[in-house]
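Secondary and tertiary structure notes
Read off the chains here:
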Amino acid sequence: MVKKRQLAVQSVLDERRLKEFLAAQCVKPVHAKRIWKYVIAKGAEGGIDDVPELPNKVYENLPAIFGDEFLTSTLVSEQTSTDGTTTKLLLELQDGLRVESVIMRYDTSMKRSDESESGSVAGDYGNKRATLCVSSQVGCAMGCTFCATGTMGMIGNLTAGEILEQLVLANRVTKIRNVVFMGMGEPLNNYEEVLGAVQAMIDPQRFGLSPGHITVSTVGVIPNIIRLANDLPTVNFALSLHAPTQELRLPIVPSAKAYPLAKLMDAVDRHHRISGRSVFIEYVMLCGVNDQPEHARLLGQLLSPRKHHVTVNLIPWNPMLATNGAEPFDAPDPNNIKVFHQTMLGEFGIPTTIRMTMGQDIDGACGQLAIQKGVKGPSHNSDIEDLVSDKPGKSTKPIKTKKTSGRPLKRNAANQNSELACSVADVPRNADDRSW
């Protein structure tokens, strides 16, 4: 069992802990809103003495529990990719542990040069926005063999306040519109803290993000999938599936032993029935492991009964180097990706997208951050929230994918640059999203 972290101070962004403090001081909870409004508006610069019109006992006693400054985390470094689309933030927590969060910028207001077979080019539409990929744990207990974070083991849970501090620090860099819980850790194994963080994000009196612009991802913690549907029915839900059968999933996703595929798919259906929202299915493609035509047909058969409430995102595996037990996978051949995509769309009619990579040159891409620098990939992307419609139950419409060329990416042992990892820091290219 992971040892509980011993924290010297708490974060004022943490609703439960701040309200407990105010109640102990016999101070009305309305003052919590006054503190949050000031902290968020000022980007968490300063300390409690800067907040106006609080009771004297708050000024006197709050620093002993929450510290002299608003933030308990420290920004250690900030790296931006050469194309400017991705920024990786390395944060040190108060007990010395470190996590990373990743900002992904999209300028869909510019003309998109997405050539069809006839050579035509799409028109102008969309806007500028940014998505933040946040971490919910230091390390991860799920042990997925293709993910750098999975090689770290479980080190500790983040508090709701520490999760929110990632958003505060990211907002200092650029205004964040979307948040995806696809960084370090399994969000549903830290359920209460993730729930508290999301509730703060969508609270109009705090961060005020749209629930449809928040996505919580899981490798499959079944009891908490159902809790999520009940507690946060308007927030997007993504399942990291990665295999079409239990036999294939078990070696690459060890947690499948505790949460078998049949029960997991039942949970997906229950989530949809409760929330009325489409479910996002993530599928990391591993060369020779799960990327063959027969795998596409098996996945199609599994998801066909659910095709009106799921969207599949194919994620080519990123090259990474993990010295602590990661399997020696290779990225799939572009041809296999194309065939897989066409099978899902053409044969089974299941909405399916292909994720395009962002931030590999700063270790900011899917499953890669902890260990190595990869090879920079294409930067045309769309937000995950735009793939799952804001309207409950509505699926996206597929179109043909752009042709790709080149050899599969290989692992590169020469580029070893160890920091902590974000599980997913690139966001998928949309199938037919007119918000481009």
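For the structure, check the block above.
What comes next is a walk through the structure.

Cut-off values and rules
For every chain, the first residue of the written sequence is number 1, and numbering continues from 1 along that sequence. Residue-level local features of this predicted model are given only where pLDDT is at least 70; pairs of side-chain atoms are given and counted only at 80 or more, and the full residue set underlies all totals for whole chains, interfaces and linings. Hydrogens and water molecules were not included; the side-chain quantities draw on all heavy atoms of the structure. Runs of H or I in DSSP of at least four residues are treated as helices and runs of E of at least two as strands, each being numbered from the N terminus. In this scheme, a residue with accessible area under 20% of its type's maximum is buried, one over 50% is exposed, and one in between is partly exposed, where area comes from a 1.4 Å probe on protein chains only. In this analysis, two residues are considered to be in contact whenever any of their non-hydrogen atoms come within 4.5 Å of each other. The definition used for a disulfide is geometric: two cysteine sulfur atoms within 2.5 Å. Strand pairing is assigned whenever DSSP detects at least two bridges linking the two strands. Fitted lines through C-alpha atoms give the axes, limited to the stretch in contact for helices. The angle between two N-to-C directions lies from 0 to 180 degrees. Angle categories are assigned with fixed cut-offs, so that under 35 degrees is roughly parallel, over 145 is roughly antiparallel, 65 to 115 is roughly perpendicular, and the rest are oblique. Each crossing is labelled by how the near helix is turned from the far one, with a counterclockwise turn of less than a right angle marking it left-handed and a clockwise turn marking it right-handed. Each residue is assigned to one class: nonpolar for Ala, Val, Leu, Ile, Met, Phe, Trp, Tyr, Cys and Pro, charged for Asp, Glu, Lys and Arg, and polar for all the others, Gly among them. For a helix, the expected span equals 1.5 Å multiplied by the number of residues minus one. To obtain the arc, one takes the directions from the helix axis to the C-beta atoms. Each Phe, Tyr or Trp ring, with Trp reduced to its six-membered ring, pairs with another whose centre is within 6.5 Å; inter-plane angles below 30 degrees give stacked pairs, above 60 give edge-to-face pairs, and intermediate values give tilted ones. Geometrically, a charge over a ring is one whose NZ (Lys) or CZ (Arg) sits within 6 Å of the ring centre while staying within 35 degrees of the ring normal. Any N or O atom pair separated by 3.5 Å or less is treated as a polar contact, with the protein-specific requirement of one donor-capable and one acceptor-capable atom, and with residues adjacent in sequence counted only for side-chain atom pairs.

**Structural notes on the overall build of the chain**
In terms of regular secondary structure, the chain is built from 11 helices and 12 strands. Within the chain, buried positions represent 57% of all 436 residues. The contacts in the chain between residues at least 6 apart in sequence include a share of 72% that link residues at least 24 apart.

**A short note on the state of the cysteines**
Counted according to the given criterion, the structure contains 0 disulfides. The cysteine Cys144 is free of any disulfide, with Cys140 supplying the nearest cysteine sulfur at 6.4 Å.

**Some thoughts on the sheet that holds strand S3 (residues 98-107)**
Hydrogen bonds between backbone atoms are what pair the strands of a sheet, whose relative direction is either parallel or antiparallel. Pairing is mixed across the open sheet formed by 10 strands, whose spatial order is S1-S2-S3-S4-S7-S8-S9-S10-S11-S12. Both outer strands of the open sheet, strand S1 (74-80) and strand S12 (352-354), are each paired with one neighbouring strand and no more. Sheet twist, expressed as the average angle between the axes of neighbouring strands with direction ignored, equals 20°. As paired elements, S3 and strand S4 (residues 128-133) share 6 bridges and run antiparallel to each other. When the bridges of S4 are listed, Ile103 appears paired with Leu132. The sheet contacts of helix H10 (residues 334-347) involve strand S10 (279-285), strand S11 (310-316) and S12, and relative to S12 the element is tilted by about 160°.

**Quick look at the packing of helix H1 (residues 15-24) against helix H2 (residues 30-41)**
Running from amino to carboxyl end, H1 crosses H2 at an angle of 130°, the nearest separation of the two axes being 9 Å. Taken together, the axes of H1 and H2 are oblique relative to one another. Every pair of crossing elements has a handedness; the one defined by H1 and H2 is right-handed. For the pair H1 and H2, the contacting residues are Glu15, Leu18, Lys19 and Leu22 in the first and His31, Ala32, Ile35 and Trp36 in the second. Each residue belonging to the contact of H1 with H2 can be placed in one class, and the counts come to 5 nonpolar, 1 polar and 2 charged.

**Structural notes on H2**
Three- or four-residue spacings in an α-helix give side chains the same orientation, since the helix completes a turn every 3.6 residues. With 12 residues, H2 extends 17 Å between its outermost C-alpha atoms, agreeing within 8% with the 16 Å of an ideal straight helix rising 1.5 Å per residue. Considered for burial, the residues of H2 that qualify are His31, Ala32, Ile35, Trp36, Tyr38 and Val39. End-on, the buried residues of H2 take up no more than an arc of 165°, which puts them together on one face. Seen from the open side of H2, the exposed residues pointing more than 90 degrees away from its buried face are Lys37 and Ala41. On its buried side, H2 packs onto H1 and helix H3 (56-66). At the C-terminal side of H2, Gly43 shows a positive phi close to 65°.

**Concerning the packing of aromatic side chains**
For the structure on display, the rule yields 4 aromatic pairs. Seen in terms of ring centroids, Phe21 and Phe66 are 5.6 Å apart; in terms of plane orientation they differ by 80°. Their pairing is edge-to-face. Of the two residues, Phe21 sits in helix H1 while Phe66 sits in helix H3, which places them 45 residues apart along the sequence. Summarising the burial analysis for this pair, Phe21 and Phe66 share the class buried. A cation over an aromatic ring shows up here: Arg206 above the ring of Trp36, its NZ or CZ 4.3 Å from the ring centre.

**Things to note about the environment of Ile337**
Mapped onto the fold, Ile337 is located in helix H10. In this structure the C-alpha to C-alpha distance between Ile337 and Ala296, which are 41 residues apart in sequence, comes to 9.8 Å.

**Digging into the environment of Gln205**
Relative to the helices and strands, Gln205 is located in the loop between helix H5 (191-202) and strand S8 (214-218). Residue class for Gln205 comes out partly exposed when judged on its relative accessible area of 47%. On a C-alpha basis, the gap between Gln205 and Lys37 in space is 7.2 Å, while along the polypeptide they are 168 residues apart. Side-chain polar atoms of Gln205 contact the side chain of Lys33, separated by 3.2 Å.

**Brief notes about helix H4 (residues 160-173)**
Its 14 residues place the ends of H4 21 Å apart at the C-alpha level, agreeing with the 20 Å of an ideal helix rising 1.5 Å per residue. Taken together, the buried positions of H4 are occupied by Ala160, Gly161, Glu162, Ile163, Leu164, Glu165, Gln166, Leu167, Val168, Leu169 and Ala170. Close packing links the buried residues of H4 with strand S2 (86-92), S3, S4, strand S6 (154-157), strand S7 (178-181) and H5.

**Quick word on the packing of H5 against helix H6 (residues 222-231)**
It is at 12 Å that the axes of H5 and H6 come closest, and there the two elements cross at 25°. Here H5 lies roughly parallel to H6, going by the angle between them. Two packed elements cross with a definite hand, and for H5 against H6 that hand is right-handed. For the pair formed by H5 and H6, the contact residues are Tyr191, Glu192 and Leu195 on the first element and Asn224, Arg227, Leu228 and Asp231 on the second. Here the contact of H5 with H6 is composed, by residue class, of 3 nonpolar, 1 polar and 3 charged.

**Details of the side chain of Glu165**
Mapping Glu165 onto the fold places it in helix H4. Among the polar contacts listed, one links the side chain of Glu165 to the side chain of Ser11, at a separation of 3.0 Å. Those residues in contact with Glu165 that lie beyond four places of it in its chain are Ser11, Leu13, Phe70, Leu71, Thr72 and Ser73.

**Let's talk about the pairing of S2**
A large share of S2 lies buried, amounting to 6 of its 7 residues. Between S1 and S2, which pair antiparallel in sequence order, lie 5 residues; one of them, Gly84, sits at a positive phi of approximately 80°. Across 7 bridges, S2 lies against S3 in antiparallel orientation. Each residue of the ladder has a partner; that of Glu92, found in S3, is Arg98.

In short, the description is geometric, and any link to function would need to be established separately.
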